[in-house]
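# Coordinate inspection notes
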Amino acid sequence: MRAWMVRLHRWFGLFAATFLTVAGLTGALIAWDHEIDGWLNPELYDAATTGPAQDPVVLAARLEAADPRLQVTWLPLAVEPGHSLLLWVVPRTDPQTGQPFHLDFNQVALNPVTGDVQARREWGAFSLSRAHLMPFLYKLHYSLHLPSIGPVELGVWLMGGIAIAWVLDTLIALWISFPNRAQWRRSLAFRWAQGGHKLVFDLHRSGGVWLWVLVLIVAITSVDMNLGSQVVKPLVNVFSPVTESKADSMPPAPAGSAVTLATQGHDVIARAQAIAAERGWSAPVGSLYIRPGSHAWTVSFHEAGNSHGDIGLGNVQLDLDAATGGVLGSSVPGEGSAGDVFLQTMFPLHSGRIIGTAGRVLVTLLGLAIATFSVTGVLIWARKRKARLHAERSRAQRPTRVSNSAT
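The structure displayed is predicted, hence computed values, not measured ones. (Residues numbered from 1 in each chain as written. Predicted model: local features only at pLDDT ≥ 70, side-chain atom pairs only at ≥ 80, totals over all residues. Heavy atoms only, no water.)

### Focus on the overall build of the chain
- Scanning the chain from terminus to terminus reveals 12 helices and 10 strands.
- Its C-alpha atoms put the chain at 100 × 45 × 40 Å along the principal axes.
- Buried positions account for 43% of the 407 residues belonging to the chain.
- When the accessible area of the chain is evaluated, it comes to approximately 21,600 Å², of which 63% is carbon and sulfur surface. (Helix = DSSP H or I, 4+ residues; strand = E, 2+ residues; numbered from the N terminus. Buried < 20%, exposed > 50% of the residue type's maximum accessible area, 1.4 Å probe, protein only. Areas by Shrake-Rupley, 256 points an atom, 1.4 Å probe, with all protein chains shown as cover.)

Shown next, in the form of structure tokens:
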């Protein structure tokens, strides 16, 4: 049994080494994606002028009117002093062709004082330019930038499948790291002074044992990040019912009837504030998300600049029916069934944000460690393979030498 477990661990490690190295290194960087992106691209994040900010809904509506090809889908409702108003947009449908208009951008930075466009970019574009570097790395982290076939995102499914295998391999790795009770201390030690192959082996085995719980958490949350609705949510639902929002199952709105920020933005904000007051939510309305092509809005409650907590245990979210104002669903951190709370922890755990800055530092170090485990695993296999091939060549040559000496 142990021999088979070792083989499985080796086969998975060799297959997934490149993927996990890329995921580890990119994960170490994107733990600080907003900070690094802001440093690289101040025109996207810093307001060009100072002064009192205008109403974000008005500015978004003005942008839509100036460029009828686009629709604003995500809008922060307050900005930090000195910061830009960074919006997400999607192309509208061209009535002449029935196809979406061509846009070479999906993010627009507005000056909150004047409403002028400061910068635009295509988040996730395959580019290493300064404007696209961090989004490129972010998308590389979870999809490798592989293309989609219809609705199937190949990269997302591939990395999700690897994450599932990684969870199983992590359990196997712990088991084979302790060959017997008498040698358990060796699985926790590092032979720093001896260096060379022995240290490489210890970094791989002992390092994995020391960080085993954290690596397992990253592996499990990786499955949720890529295949949450397909795998994790149905599995969790078996053990604890997961609350579904009606917004997720709403049919598309009839052509030309979808609501916009210009027509309903202020009404939605007022409705969300009234519901928040009834439910005792203290955070202000922080951002609006329009589900493209539908009559559903998602309203997030948070302070200016804290939209990064929109997923999981971060911010309260409320789904509203734009046609009736009715509540379609809500997500309150720490509330709901055990399954709801479990799913709420996935992104905060994966990103380290569950414990703030310290958690993000830990995620950076863990990403580097995961890359190290992958590289050292390949080095160990390569050394053993070299030794095995050398032994096989020696055995193959031995009869020839005996035959020659006898002659």
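The rest of the description comes next.
### Thoughts on the packing of aromatic side chains
- Applying the stated criterion across every chain yields a total of 8 aromatic pairs.
- Between Trp281 and Phe301 the ring centres are 5.3 Å apart and the planes differ by 70 degrees, which places this aromatic pair in the edge-to-face class. Of this pair, Trp281 sits in the loop between helix H9 (261-279) and strand S7 (285-290) while Phe301 sits in strand S8 (residues 296-301), and the two are 20 residues apart along the sequence. In this structure, Trp281 and Phe301 share a single accessibility class: buried.
- Every member of this aromatic cluster is reached through a ring pair, and the members are Trp88, Trp123, Tyr138 and Tyr142.
- Positioned above the aromatic ring of Trp4, the side-chain terminus of Arg7 is 5.2 Å from the ring centre. (Phe/Tyr/Trp six-rings, centres within 6.5 Å; stacked < 30°, edge-to-face > 60°. Lys NZ or Arg CZ within 6 Å of the ring centre and 35° of its normal.)

### Notes on helix H5 (residues 133-143)
- Of the residues making up H5, those classed as buried are Met134, Pro135, Phe136, Leu137, Leu140, His141 and Ser143.
- Taken together, the buried residues of H5 touch helix H1 (2-30), helix H2 (33-40), strand S4 (117-121), helix H6 (154-176) and helix H11 (346-351).
- Within two residues after H5, Leu144 carries a phi angle of roughly 60 degrees, on the positive side. (Contact = heavy atoms within 4.5 Å.)

### Comments concerning the pairing of strand S3 (residues 107-110)
- Where burial is concerned, the two faces of S3 agree: the one with Gln107 and Ala109 and the one with Val108 and Leu110 are both buried.
- Both strand S2 (residues 85-91) and S3 contribute to a ladder of 4 bridges, which runs antiparallel. Within S3, the residue paired with Leu86 across the bridge is Ala109.
- Relative to S4, S3 runs antiparallel, the two sharing 4 bridges. Along S4, the bridge assignment pairs Leu110 with Val117. (Pairing = 2+ DSSP bridges.)

### Side note on the nonpolar core
- If you look at the biggest cluster of nonpolar residues, it comprises 33 residues, and the most contacted ones within it are Val72, Leu75, Leu87, Leu261, Leu288, Val299 and Phe301.
- Every element with two or more residues in this core is listed here: helix H4 (56-66), strand S1 (70-76), S2, S3, H9, S7, S8 and strand S9 (316-321).
- In this structure Leu288 touches Thr73, Trp74, Leu75, Leu77, Leu261, Gly265, Val268, Ile269, Trp297, Thr298 and Val299, once residues within four positions along its chain are discounted.
- One finds Leu40, Phe136, Ile370 and Phe373 within the second-largest nonpolar core, a separate group that totals 31 residues. (Core = buried A, V, L, I, M, F, W, Y, C linked by side-chain atoms within 4.5 Å.)

### Some words on the confidence of the model for the chain
- The predicted model of the chain has a mean per-residue pLDDT of 91, with 95% of residues at 70 or higher.
- Looking across the chain, the model is least confident in helix H12 (residues 356-406), with a mean pLDDT of 85, and most confident in S3, with 98. (pLDDT = per-residue confidence, 0-100.)

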